[in-house]
Amino acid sequence: MCRHEIDVQLCAFEAAFPFLKAAMDASSLEREVAGFRAELVPQAADDAERSEIETRLAAAMRS
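The paragraphs below set out a description of the structure included in this document. (Residues numbered from 1 in each chain as written. Predicted model: local features only at pLDDT ≥ 70, side-chain atom pairs only at ≥ 80, totals over all residues. Heavy atoms only, no water.)

1. Points about the overall build of the protein
Then, number 1: In terms of helices and strands, the protein carries 3 helices and 0 strands.
Then, number 2: Counting helices and strands in the order they occur from the N terminus, the protein gives α-α-α.
Then, number 3: Relative to the globule expectation of 11 Å for 63 residues, the C-alpha radius of gyration of the protein, 11 Å, shows essentially globular dimensions.
Then, number 4: Taking the principal axes of the C-alpha coordinates as reference, the protein spans close to 35 × 20 × 15 Å.
Then, number 5: By residue count, 25% of the 63 residues in the protein fall in the buried class.
Then, number 6: Counting only contacts in the protein whose residues sit at least 6 apart along the sequence, the fraction spanning at least 24 positions is 57%.
Then, number 7: Carbon and sulfur atoms provide 60% of the accessible area of the protein, an area that totals close to 3,900 Å².
Then, number 8: For the protein, the separation between the mean place of its 7 positive charges and that of its 12 negative charges on side chains is 5 Å. (Helix = DSSP H or I, 4+ residues; strand = E, 2+ residues; numbered from the N terminus. Rg over C-alpha atoms; globule rule 2.2 N^0.38 Å. Buried < 20%, exposed > 50% of the residue type's maximum accessible area, 1.4 Å probe, protein only. Contact = heavy atoms within 4.5 Å. Areas by Shrake-Rupley, 256 points an atom, 1.4 Å probe, with all protein chains shown as cover. Lys, Arg positive; Asp, Glu negative; His and termini not counted. Charge placed at Lys NZ, Arg CZ, Asp CG, Glu CD.)

2. A few points about empty space enclosed by the protein
Then, number 1: By the definition in use, this model includes 1 cavity of 30 Å³ or more.
Then, number 2: Each pocket or cavity is described by its volume, and for the largest cavity that value is around 40 Å³.
Then, number 3: Counting residues per element, the ones that place at least two in the lining of the largest cavity are helix 1 (3-23) and helix 3 (47-62).
Then, number 4: Split by residue class, the lining of the largest cavity holds 3 nonpolar, no polar and 5 charged. (1 Å grid on protein atoms, 1.4 Å probe; cavity = no way out; pocket = protein on both sides within 12 Å on 5 of 7 lines; lining within 4 Å. Points joined across faces, edges and corners; volume = space filled by probe spheres on them. Nonpolar A, V, L, I, M, F, W, Y, C, P; charged D, E, K, R; others polar.)

3. A look at the pattern of salt bridges
Then, number 1: A full pass over the atoms with the stated rule returns 7 salt bridges.
Then, number 2: Among the salt bridges present, the one from Asp 7 reaches Arg 56, with a minimum N-O distance of 2.5 Å. Of this pair, Asp 7 sits in helix 1 while Arg 56 sits in helix 3, and the two are 49 residues apart along the sequence.
Then, number 3: For Asp 7, a relative accessible area of 32% gives the class partly exposed. (Salt bridge = Lys/Arg side-chain N within 4 Å of Asp/Glu carboxyl O.)

This is how it looks when you write it as structure tokens:
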């Protein structure tokens, strides 16, 4: 997956996260984020891209 595709998926997740947070209990939300992370992180091209994915997911969870 190219960087643009990863960015599009992250943007979509960040946009959907407030709705997921409102609709799910904490453990379900954690599983959803873990599944998304497991799908995206292995497709990152390098450590910097993996770090950006982790940072953006953590920021979404803090919101």
